[in-house]
Every structure is written in structure tokens, then in C-alpha cells.
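# Chain and residue survey
Now for the letters of each chain:
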Amino acid sequence: MSTSHQHHRRLPLRSINNLRDLGGYQTVDGRTVRWHTLYRAGHLGKLKDRDQRTLTALNLHTIIDFRSAEEKQRDPDRLPLNDVQVIELPILDEGNSTMMKDMRRRYENNDFDGLDTNLVMFNTYRQLSLEFTAEYAHFLQAVLQAAGKPVLWHCTAGKDRAGFAAALLLKILGVDFETIRQDYLLSGKYIHPDRKLMAVITLTKGARPARLLKPLWAVKPEWIKASFDAIDEKWGSFDRYRRDALAFSDEDTARLREFLLI
């Protein structure tokens, strides 16, 4: 993936984190994902007026929000100015709330013994494919029902729940896994720990807690691989997962490719 394509892929809206266009990726049969149609992002809760006008110009048909109730209450999305269908598909709702409460408890009590955030994230990615098939099935149907009109999906940072959604969609469109992995890892270029927050953690709790918490802002190739490994372990193949777990038929796949590939 060339640097120029990477630059073109990211939409420079300063008040939306990690907003990217999935266009331009090639499939194994030589077709290409349409530009200006599929967007992945972080949340829209900090959207400024200028960026709101730019987002409106994308003519989005659907916005899909994967965040938990707690996340949405903290940062309600600010939507484009034109009519757009909003679909809420909370993923890791209870789990995300439990994890954040545990992190707050550990932080307040300076209790970081046994904390392995890398393992937490590894297991989270397995959960995405094993436990949230209904939500991701709904996501895929929403993209299909948009019939080629622009769709944006997001979580909070736009890297984990939204990242797995992007990986699923690209896989169904026929993009090879190495390209999918590279798209996933691009989030590492645009998401970084808040320097002020990390400085506060380091000053108040020490370097070790800061180091332990840093993976929460990261993307790692072994995490996205864990999702797909879990699929193979449980369903035997991605195609069986697509058909049996996601209820996304061969006919659905053909129609999706017709809408989204050139």
C-alpha cells in the first residue's frame, strides 16, 4: 500500500478520530472496492461545525454505532446535517463497562498486579467473532440494504469493534487477509495514547502502570488474527461462519460485491 494511497484513504477531519475510506483495495479476483462508499471511524461526539459540513457532503445513507450505552451517554454522536439512518448495535456493552470499572478500580487503588492488557485485548478479539455474530450480521445486512450508498460505522476509537467490522466486510468482498491486516494496522498510525493522560498516569502511579495500560490504545496483528483463528476453530472456515453464523448467503455476497466492487 503506497504512502499516497494511505494519505488519500484518511479523511483529515480533526474532530473525528481515525476516519478512513475503505476504497481502492483489490480483491483476489482483480476487482476493486469503490471509493467514497465505505467509511470506518471513531465516534462523532466531538464533531466541530466545519467537520460536520464535510461529513454532510459525504451523503451518508447509514451510520452504524457499535458503542456501549455508557460510551454513547458520555459522547453522544453529532450527526451530519442531512437525513441519515442511524443504527445502534452495541457490542461489548456490558463487557466494556465491566472492563472500564475494573480499570478505574485498579487505578484508584494502585492495584495493577496480574493486569495483562495484551491478553485482555487478545481475548476481546476472540469475543468479537464468537459472541457478537447477531450484531455483525445486522451490520452486514445494513451495508447490503444501503445498496451501494455510503455507509459509515464506528465505535469509540475506531480500531477494535469497527476494525473487526471492516475486516469482515473486506473478507466477504474478496480482499486477501494480508491486505485486511494492513488496513487494520493503519489505525496504529492515527491513534495514540493521550500524552497528557499518560504523563498524569506516570507521575501519579508510576511508569509500570503507564506501560501496562498503553496497549489499550494499540492495534496488534495477533489480535485481528485471533478473531479469524477463532472463526476457523469454531466453524471450520470463514465461508461456513459467513453462511451459518452471520446468515449472509451466497446470494447476499454476490449482491454486496455487485454494489461495492468495480
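Preceding block: the structure.
Parameters at a glance
- Residues numbered from 1 in each chain as written.
- Predicted model: local features only at pLDDT ≥ 70, side-chain atom pairs only at ≥ 80, totals over all residues.
- Heavy atoms only, no water.
- Helix = DSSP H or I, 4+ residues; strand = E, 2+ residues; numbered from the N terminus.
- Buried < 20%, exposed > 50% of the residue type's maximum accessible area, 1.4 Å probe, protein only.
- Contact = heavy atoms within 4.5 Å.
- Areas by Shrake-Rupley, 256 points an atom, 1.4 Å probe, with all protein chains shown as cover.
- Right-handed = clockwise from strand over helix to strand, strands pointing away.
- Pairing = 2+ DSSP bridges.
- Core = buried A, V, L, I, M, F, W, Y, C linked by side-chain atoms within 4.5 Å.
- Phe/Tyr/Trp six-rings, centres within 6.5 Å; stacked < 30°, edge-to-face > 60°.
- Arc of directions from axis to C-beta.
- Polar contact = N/O pair within 3.5 Å; in protein donor to acceptor, adjacent residues only side chain to side chain.
- Expected span 1.5 Å × (residues − 1).
- Axes fitted to C-alpha atoms, helices over the stretch in contact; angles between N-to-C directions.
- Parallel < 35°, antiparallel > 145°, perpendicular 65-115°, else oblique.
- Nonpolar A, V, L, I, M, F, W, Y, C, P; charged D, E, K, R; others polar.

### Observations regarding the overall build of the protein
Within the protein, the regular secondary structure consists of 14 helices and five strands. Within the protein, buried positions represent 50% of all 262 residues. Across the protein, every contact between residues at least 6 apart in sequence was considered, and the portion connecting residues at least 24 apart equals 75%. As displayed, the protein offers around 12600 Å² of accessible surface, 50% of which is attributable to carbon and sulfur atoms.

### Quick look at the pairing of strand β3 (residues 62-65)
Because side chains alternate across β3, one face comprises the buried residues T62 and I64, and the other comprises I63 and D65, equally buried. Between β3 and its parallel partner strand β4 (residues 85-88), the chain crosses via helix α3 (residues 69-74), and the hand of that crossover is right-handed. Pairing of β3 with strand β5 (residues 151-154), which is carried by four bridges, proceeds in the parallel orientation. Bridging from a neighbouring strand, I64 pairs with W153 of β5.

### Considerations on the nonpolar core
The biggest cluster of nonpolar side chains holds 53 residues, and the ones touching the most others in it are F66, Y136, F139 and W153. Contributing elements (two or more residues each) for this core: α5 (117-131), α6 (133-145), β5, α7 (161-173), α8 (177-185), α12 (221-235), α13 (238-245) and α14 (250-260). Here this core takes 10 residues from α7, the largest share from any one element. Counting 14 residues, the second largest nonpolar core, distinct from the first, contains L13, A41, L47 and L152.

### Structural notes on the packing of aromatic side chains
Summed over the entire model, instances satisfying the criterion amount to 11 aromatic pairs. Aromatic side chains Y136 and F164 sit 5.0 Å apart centroid to centroid with 85° between the ring planes, which places their arrangement in the edge-to-face category. On the criterion of sequence distance, the pair formed by Y136 in helix α6 and F164 in helix α7 is long-range, its members being 28 residues apart. Summarising the burial analysis for this pair, Y136 and F164 share the class buried. Ring centres of F164 and F228 lie 6.1 Å apart, and the angle between their planes is 65°; on these two criteria the pair is classed as edge-to-face.

### Observations regarding α8
Residues of α8 that are buried include every one of T179, I180, D183 and Y184, and no others. Seen along its axis, α8 keeps its buried residues to an arc of 140°; they face one direction. Where α8 begins, one side-chain oxygen reaches toward the backbone nitrogen of E178, 3.2 Å away; that side chain belongs to D176.

### Description of α6
Here α6 is 13 residues long and its end C-alpha atoms lie 18 Å apart, about the 18 Å a rise of 1.5 Å per residue gives. Residues of α6 that are buried: T133, Y136, A137, F139, L140, A142, V143 and L144. Just downstream of α6, A147 is the residue with a positive phi angle, here 55°.

### Here we look at the pairing of β4
Sheet topology places β3 next to β4; four bridges connect them, and they run parallel. When the bridges of β4 are listed, D65 appears paired with E88.

### As for the packing of α12 against α13
The contact between α12 and α13 brings their axes to 8 Å, and the two run at 75°. Taken together, α12 and α13 sit at an angle that is classed as roughly perpendicular. Counted together, F228, I231, D232 and W235 of α12 and F238, R240, Y241 and A245 of α13 form the full contact between these two elements. Taken together, the residues of the contact of α12 with α13 break down into six nonpolar, no polar and two charged.

### Some remarks on the sheet that holds strand β1 (residues 20-21)
Paired through backbone hydrogen bonds, the strands of a sheet run either parallel or antiparallel to each other. Ordered by their spatial adjacency, five strands build an open sheet running β1-β2-β5-β3-β4, and the pairing between neighbours is mixed. The outermost strands of the open sheet, each flanked by one partner alone, are β1 and β4. The strands touched by α7 within the sheet are β2 (38-41) and β5, with β2 carrying the most contacts at an inclination of about 155°.

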